[in-house]
Amino acid sequence: MIEFVKGTIDYVSPQYIVIENGGIGYQIFTPNPFIYKERSQETIFTYHHIREDAFSLYGFSTREEKALFTKLLNVTGIGPKGALAILGSGDPGAVIQAIEDEDEAFLVKFPGVGKKTARQIILDLKGKLADVVPEMIENLFNHEERLEKQTAETALEEALEALRVLGYAEKEIKKVLPHLKEEIGLTTDQYVKKALQKLLK
């Protein structure tokens, strides 16, 4: 099992990052790849997901995020993509609170989570998240300011693609697009955060 990868971010896409370590580029799927920037030095805590037809690495900025991801994977009906979408909300503390409060209405707002799955998440995880303390989880979207400015158009396009990767439908994205266009000069991860705040209301 690969606990973490420490190296240089070589590539950032809406779905994954590539981190170079010792001449090897590791493709790592993350909740919001745009919190990272190319050429930065990072330590990514990883989960190695193995299936018959795929070997995939999923990465997180803290061990607590990784722990919550792992616990979500143990819920019937939640796969890696669904768990990433839930973590992509940028507020793991709110997710944990919703589970403890049995707030199904909050959980069904995530892509791929229906009432049955929301109920299963609560049944499987309520009272079992003591080791995933919200105060210890830094917001997924808090990151050092970009040294290089992105154009607003490029940042918005990348943010919309990131929402699609997380599983949001075009109809849902179109609802928040006017609000995003009102924002000026945001980076991609800031646009994603704004969109998710609207989508989860």
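My aim in this report is to walk through the structure given alongside it, one point at a time. (Residues numbered from 1 in each chain as written. Predicted model: local features only at pLDDT ≥ 70, side-chain atom pairs only at ≥ 80, totals over all residues. Heavy atoms only, no water.)

1. Some words on the overall build of the protein
Okay, so step 1: Along the protein, the regular secondary structure elements total 8 helices and 5 strands.
Okay, so step 2: Out of the 201 residues belonging to the protein, those deemed buried represent 49%.
Okay, so step 3: Within the protein, residue pairs in contact and separated by at least 24 positions form 58% of the contacts whose partners lie at least 6 positions apart.
Okay, so step 4: Accessible surface, the protein: about 10500 Å² in total, of which carbon and sulfur atoms supply 50%. (Helix = DSSP H or I, 4+ residues; strand = E, 2+ residues; numbered from the N terminus. Buried < 20%, exposed > 50% of the residue type's maximum accessible area, 1.4 Å probe, protein only. Contact = heavy atoms within 4.5 Å. Areas by Shrake-Rupley, 256 points an atom, 1.4 Å probe, with all protein chains shown as cover.)

2. Re the pairing of strand β3 (residues 24–29)
Okay, so step 1: Sheet topology note: the strand β2 (residues 16–21)/β3 ladder contains 6 bridges and is antiparallel. Residue Ile17 lies in a different strand from β3, and its bridge partner there is Ile28.
Okay, so step 2: Here β3 pairs with strand β5 (residues 55–60) via 2 bridges, running parallel. Considered in β5, the bridge of Phe29 is made with Tyr58. (Pairing = 2+ DSSP bridges.)

3. Brief notes about the pairing of strand β4 (residues 41–50)
Okay, so step 1: Looking at chain direction, strand β1 (residues 4–12) and β4 are connected through 5 bridges and run antiparallel. The residue bridging Gly7 from the neighbouring strand is Glu42, located in β4.
Okay, so step 2: Summarising the sheet, β4 and β5 pair through 6 bridges and their orientation is antiparallel. Among the inter-strand pairings, Tyr47 is bridged to a residue of β5, identified as Tyr58.

4. Structural notes on the environment of Val12
Okay, so step 1: Along the polypeptide, Val12 turns up in strand β1.
Okay, so step 2: Linking Val12 and Phe34, residues 22 residues apart in sequence, is a C-alpha distance of 6.8 Å.
Okay, so step 3: If we ignore the near neighbours within four places in the chain, the residues touching Val12 are Ile17, Pro33, Phe34, Tyr36, Lys37 and Glu38.

5. Considering helix α5 (residues 115–125)
Okay, so step 1: Of all the positions in α5, only Thr117, Ala118, Ile121, Ile122 and Leu125 are classed as buried. Within α5, the buried residues cover an arc of 140° as seen down the axis, which keeps them to one side. Structural note: α5 exposes Lys115, Lys116 and Leu123 on the side pointing more than 90 degrees away from its buried face.
Okay, so step 2: Elements in contact with the buried residues of α5: α1 (63–73), α2 (80–87), α3 (92–100) and α4 (104–107).
Okay, so step 3: Backbone geometry just after α5 places Gly127 at a positive phi near 80°. (Arc of directions from axis to C-beta.)

6. Examining the side chain of Thr62
Okay, so step 1: Note that Thr62 resides in the loop between β5 and α1.
Okay, so step 2: Of the polar contacts made by the side chain of Thr62, one reaches the backbone nitrogen of Glu65; its length is 3.1 Å. (Polar contact = N/O pair within 3.5 Å; in protein donor to acceptor, adjacent residues only side chain to side chain.)

Honestly, it's all geometry; don't read function into it.
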